[in-house]
Amino acid sequence: MSKKVIIGNWKMNPSTSKEGDAWFKKIAKLVVKIKKTEVVICPPFLYLEKLSKIRTSKLKLGAQDSFWGDVGPFTGEISSDMLYNSGVRFVILGHSERRALGETNELINKKIKSSLTSGLVPVVCIGEKERDVEHNYFDIVKSQLVDCLKGISRDSISRIIFAYEPVWSISTTENRRDATSSDTREMVMFMRKVLSDISSPQVAHNVRIIYGGSVSGRDAEDFLKNGQVDGLLVGKASLEPKRFFEIIEICEAKV
Ligand code: PEP
């Protein structure tokens, strides 16, 4: 059984590397006694190299994106190999904020393949923008999974972490709404069914599916227990080490 995982996505924060160091060191100190939960911080690219020197076995590093090419004429891009060689072990792919900038399932598929080849664990974000009355959101989630996983073997699928992130529940979404643990449980079951059809019942049963969308210390337990997820992807609450650690402690106590 894989460990539960709590991933902090710092997005484009903080504005100085010094502040990033201070946050990271605080979290590293807080997690020293954590045993049952895998903890990952995904800072901006620019801070990764420095933070990799102070990462610990209890606090791992992830990137917020990677490119599908190896080396070559790709101005502004960072490859999965470069990330792996800098001590990064996870990469968030297909985040809704990147999809909003034009990232397609086809591009995400290429990035997933390249990250797996480099030895990174892709954290693939899946989620509908809204819940329509006709329930089309199930088809949207299904096609994101099917298209993002085209040509990827069962073995490789089993190494992926899937993050169910309904865009309407993310803290920065205008007029956001809270997702409930039962919304999440239902979608996680659906995702396992789709994954079972794409790969195998065993892979679908064992693969980690986590939840993300405005999680805080108030609802982390509910999502972990009643949402039946294997961890959480945390945006806003990961920007304050103490708030983030509250979520880690809840996970540690519940697994
Ligand atoms: C996210 O954008 O991945 C996220 C989970 O953010 P927040 O926790 O701030 O909603």
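Residues numbered from 1 in each chain as written. Predicted model: local features only at pLDDT ≥ 70, side-chain atom pairs only at ≥ 80, totals over all residues. Heavy atoms only, no water.

This part is about the packing of aromatic side chains. Enumeration over the complete set of coordinates arrives at eight aromatic pairs. Ring centres 4.7 Å apart and planes at 35 degrees place the aromatic pair Phe67 and Trp68 in the tilted group. Ring geometry for Phe67 and Phe74: centres 4.8 Å apart, planes at 50 degrees, overall tilted. Ring pairs connect the aromatic residues Phe67, Trp68 and Phe74, which therefore count as one cluster. Above the plane of the ring of Tyr84 lies Arg89, whose end atom (NZ or CZ) is 3.7 Å from the centre. Above the plane of the ring of Trp168 lies Arg177, whose end atom (NZ or CZ) is 4.3 Å from the centre. (Phe/Tyr/Trp six-rings, centres within 6.5 Å; stacked < 30°, edge-to-face > 60°. Lys NZ or Arg CZ within 6 Å of the ring centre and 35° of its normal.)

Neighbouring residues of the ligand: 14 residues in total, closest Lys11, His95, Glu165, Ser171 and Ser214. Separating an oxygen atom of the ligand from a side-chain N or O atom of Glu165 is a distance of 2.8 Å. In this structure, Ser214 approaches the ligand through a main-chain N or O atom, which is 2.7 Å from an oxygen atom. In isolation the ligand has 300 Å² of accessible area, and contact with the protein removes 99% of it. For the shell around the ligand, the per-class residue count stands at three nonpolar, seven polar and four charged. (Near = heavy atom within 4 Å. Polar contact = N/O pair within 3.5 Å; in protein donor to acceptor, adjacent residues only side chain to side chain. Areas by Shrake-Rupley, 256 points an atom, 1.4 Å probe, with all protein chains shown as cover. Nonpolar A, V, L, I, M, F, W, Y, C, P; charged D, E, K, R; others polar.)

Packing of helix 1 (residues 17–30) against helix 11 (residues 241–254) brings their axes to within 10 Å, and their N-to-C directions diverge by 35 degrees. Handedness of the crossing formed by helix 1 with helix 11: right-handed. Contact residues: Trp23, Lys26, Ile27 and Leu30 in helix 1; Pro241, Phe244 and Phe245 in helix 11. Taken together, the residues that form the contact of helix 1 with helix 11 break down as six nonpolar, no polar and one charged. (Axes fitted to C-alpha atoms, helices over the stretch in contact; angles between N-to-C directions. Helix = DSSP H or I, 4+ residues; strand = E, 2+ residues; numbered from the N terminus. Left-handed = near helix turned anticlockwise from the far one by under 90°. Contact = heavy atoms within 4.5 Å.)

A separate point is the pattern of salt bridges. As enumerated under the stated definition, the model contains 16 salt bridges in all. Ionic pairing is found between Arg98 and Glu103, a salt bridge with its closest N-O pair at 3.6 Å. We classify Arg98 as partly exposed; its relative accessible area is 31%. We classify Glu103 as buried; its relative accessible area is 9%. The residue Glu240 makes a salt bridge to Arg243 at a minimum N-O spacing of 3.8 Å. (Salt bridge = Lys/Arg side-chain N within 4 Å of Asp/Glu carboxyl O. Buried < 20%, exposed > 50% of the residue type's maximum accessible area, 1.4 Å probe, protein only.)

With parallel pairing, the eight strands of this closed barrel are ordered in space as 1-2-3-4-5-6-7-8. Looking at each pair of strands side by side, their axes are set apart by 25 degrees on average, direction ignored. Here strand 3 (residues 60–63) pairs with strand 4 (residues 90–93) via two bridges, running parallel. The residue of strand 4 that forms the bridge with Gly62 is Phe90. (Pairing = 2+ DSSP bridges.)

One recurring pattern in soluble globular proteins is that nonpolar side chains are buried together. In this structure, Ile112, Leu145, Phe162, Met191, Leu195 and Leu232 are the most contacted members of the largest nonpolar core, which totals 63 residues. With six residues, the single largest contributor to this core is helix 11. In this view, Leu195 contacts Leu145, Leu149, Ile157, Phe162, Ser200, Ala204, Val207 and Ile209; residues no more than four positions away in its chain are not counted. With 13 residues, the next largest nonpolar core counts Val5, Cys42, Ile92 and Val123 among its residues. (Core = buried A, V, L, I, M, F, W, Y, C linked by side-chain atoms within 4.5 Å.)

This part covers the state of the cysteines. A full pass over the atoms with the stated rule returns zero disulfides. This cysteine, Cys148, is not joined by any disulfide, and Cys125 carries the nearest cysteine sulfur, 9.9 Å off. Considering cysteine sulfurs only, Cys42 is the nearest to Cys251, which forms no disulfide, with 16 Å between them. (Disulfide = S-S within 2.5 Å.)

The next subject is the packing of helix 5 (residues 105–118) against helix 6 (residues 137–148). Helix 6 packs onto helix 5 with a crossing angle of 45 degrees between their chain directions and a minimal axis gap of 8 Å. In terms of axis orientation, helix 5 runs oblique to helix 6. Between helix 5 and helix 6 lies a crossing of right-handed hand. Only Ser143, Gln144, Asp147 and Cys148 of helix 6 make contact with helix 5, whose side of the interface consists of Asn105, Ile108, Asn109 and Ile112. Split into classes, the residues belonging to the contact of helix 5 with helix 6 amount to three nonpolar, four polar and one charged. (Parallel < 35°, antiparallel > 145°, perpendicular 65-115°, else oblique.)

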